Amino acid sequence: MSLEHDLKHALRRESPPTGFASRVLRRIEREGLPSHAGRGVRQGRRRWLRAAAASLTLTALLGGWAAHGIHERRQAEGERAREQVLLALRIAGEKVRYAQHEVRDISR
Amino acid sequence: MRKSVLALILMSALALPASAQRINLDFPGLADRAEEVVDVTLDATMLRLAAKFLSDGKDDREIKEMINGLQGIYVRSYTFDKEGEYDRGLADRVRGQLGANWKPLVTVRSRKRENVNIMADVQGDRINGLVIIAAEPREFTVVNIVGYIDVERLSRLEGEFGIPRFSSKDGKDE
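Quick caveat, the model's predicted, so the values are computed rather than measured.

Quick notes on the rules
Residues numbered from 1 in each chain as written. Chains lettered and ligands numbered in written order. Predicted model: local features only at pLDDT ≥ 70, side-chain atom pairs only at ≥ 80, totals over all residues. Heavy atoms only, no water. Helix = DSSP H or I, 4+ residues; strand = E, 2+ residues; numbered from the N terminus. Buried < 20%, exposed > 50% of the residue type's maximum accessible area, 1.4 Å probe, protein only. Contact = heavy atoms within 4.5 Å. Areas by Shrake-Rupley, 256 points an atom, 1.4 Å probe, with all protein chains shown as cover. pLDDT = per-residue confidence, 0-100. Phe/Tyr/Trp six-rings, centres within 6.5 Å; stacked < 30°, edge-to-face > 60°. Polar contact = N/O pair within 3.5 Å; in protein donor to acceptor, adjacent residues only side chain to side chain. Salt bridge = Lys/Arg side-chain N within 4 Å of Asp/Glu carboxyl O. Arc of directions from axis to C-beta. Buried area = accessible area lost by both parts, 1.4 Å probe. Core = buried A, V, L, I, M, F, W, Y, C linked by side-chain atoms within 4.5 Å. Patch = residues over 30% accessible without salt bridge, like charges linked within 9 Å, V, L, I, M, F, W, Y side chains within 5 Å.

A. Main features of the overall build of chain B. For chain B, the count of helices and strands is six helices and six strands. Expressed as a percentage of its 174 residues, the buried residues of chain B come to 45%. Expressed as a percentage of contacts within chain B between residues at least 6 apart in sequence, the contacts between residues at least 24 apart total 60%. When the accessible surface of chain B is split by element, carbon and sulfur atoms take 51% of a total near 9,700 Å².

B. Spatial organisation of the confidence of the model for chain B. All names here are of chain B. Averaged over every residue, the pLDDT of chain B is 80; residues scoring 70 or more account for 78%. A low-confidence stretch, residues 160-174 stays under pLDDT 50, and its non-local contacts, those more than four residues away or across chains, total 31 contacts. Two numbers describe this predicted complex: its pTM, 0.68, and its ipTM, 0.76.

C. Region of interest: the packing of aromatic side chains. Residue and element names in this part refer to chain B. Throughout the structure, instances matching the rule amount to four aromatic pairs over all chains. Ring centres of F27 and Y78 lie 6.1 Å apart, and the angle between their planes is 85°; this geometry places the pair in the edge-to-face category. Of this pair, F27 sits in the loop between α1 (2-21) and α2 (30-33) while Y78 sits in strand β2 (residues 70-79), and the two are 51 residues apart along the sequence. Considered together, F27 and Y78 belong to a single accessibility category, that of buried residues. Judged by centre distance (5.2 Å) and plane angle (35°), the rings of Y86 and F140 are tilted. Here Y86 is found in the loop between β2 and α5 (90-95), whereas its partner F140 is found in strand β6 (residues 139-147), with 54 residues between them in sequence. The burial state of Y86 is the same as that of F140; both residues are buried. Ring pairs connect the aromatic residues F27, Y78, F80, Y86 and F140, which therefore count as one cluster.

D. Spatial organisation of the side chain of B:N144. Residue and element names in this part refer to chain B. The residue N144 is located in strand β6 in this model. Here I23 takes part through its backbone nitrogen, which lies 3.0 Å from a polar atom of the side chain of N144. Polar contacts involving the side chain of N144 include one to the main-chain carbonyl oxygen of L130, which spans 3.3 Å.

E. Examining the pattern of salt bridges more closely. Residue and element names in this part refer to chain A. Taken as a whole and assessed by the stated rule, the structure comprises twelve salt bridges over all chains. In this structure, E77 engages R74 in a salt bridge whose closest nitrogen and oxygen atoms are separated by 3.5 Å. Taken together, the residues span about one helical turn, with E77 and R74 both in helix α3 (residues 33-107) at a distance of three residues.

F. Representation of the side chain of B:R95. Examined against the element boundaries, B:R95 turns out to sit in helix α5. Setting aside its immediate chain neighbours within four residues, B:R95 contacts B:N117, B:M119 and B:I133.

G. Inspection of helix α4 (residues 58-68) of chain B at higher detail. Three or more residues of α4(B) are buried, namely B:D60, B:I63, B:K64, B:M66 and B:I67. The buried side chains of α4(B) occupy one side of the element, clustering within an arc of 165° when seen end-on.

H. The environment of B:N24, seen in detail. Residues and elements named next belong to chain B. Summarising the element assignment, N24 is placed in the loop between α1 and α2. Sequence spacing of N24 and N144 is 120 residues, and the spatial spacing of their C-alpha atoms is 9.5 Å. Here D26 takes part through its backbone nitrogen, which lies 3.0 Å from a polar atom of the side chain of N24.

I. Summary view of the interface of chain A and chain B. Contacts between the two partners involve 27 residues from chain A and, on the opposite side, 41 residues from chain B. With both chains or domains summed, chain A and chain B bury close to 3,100 Å², and 74% of this area falls on carbon and sulfur atoms. Of all residues in chain A, A:L89, A:K95 and A:Y98 give up the largest surface area on contact with chain B, accounting jointly for 23% of the area buried on that side. Scanning the region where chain A abuts chain B turns up three salt bridges.

J. Spotlight on the nonpolar core. Counting 37 residues, the largest nonpolar core has B:I67, B:I73, B:L130 and B:I145 as the members making the most contacts within it. Considering every element that reaches this core, the biggest residue donor is α3(A), with ten residues. The contacts of B:I145, once residues within four sequence positions are left out, are A:A92, B:L70, B:G72, B:I73, B:G129, B:L130 and B:L154.

K. Spatial organisation of a nonpolar patch on the surface. All names here are of chain A. A contiguous nonpolar surface patch, about 360 Å² in accessible area, is contributed by F20, V24, L25 and I28. Along the chain, the position of V24 falls in helix α2 (residues 20-31). Accessibility expressed as a relative area gives 34% for V24, which makes it partly exposed.

Structure below.
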């Protein structure tokens, strides 16, 4: 019974003291801590995300550029090797054919 | 452990003939005297790479098949602007490097034109290496092909597959 009474008394509706709202507003204006701290954290997070996104983009670009360079170099090496094979076989074929030609001439 | 040692011995035994077929093609100072130098050095890795860049068309396929069994192609060709710029004994020096299993396939001797020696590393009925030495008054060429090679196919390549046709000395195409 007394508990119920105590609770009712503690939770009773009560008007704030005069000037409470203006005091709260003044304090927020003066200190501004809760809102500034939140904004700062949010801005910090945004900055970090921007930096992360920029570095990811840069890494992707550099990686792509490097991969392209390797591919180009490999392509050039392959083309050069192909040309060299053709040149070597041309020279070898030329000499073999000349020898065969001479042997045929003698046989006639 | 024993398996690894056996594999190592086997690999060395297989690698030995390939290295034995390759000859020393260093001719110090010769390139400085030459007007034109052709230097082709293609080991097995480069040959495999080149094969990837050959198309699947008929012409390229023939070349691809030919280089598939090879471990290397080495060419040194020197062209001089006048006669007597190189020691004709160079050909003997190259021949001197070849072992007992190397047999002469063709030898052409000419006073005015090209002297050509074609030597093959014959193992059974297979040619596992080829050395071509061509000595002209103003040109010296050595070709060393390491690995299985079909000589007939090699001679047929000329004039086909984008490989220019051999021109005879009187200027007419064969």
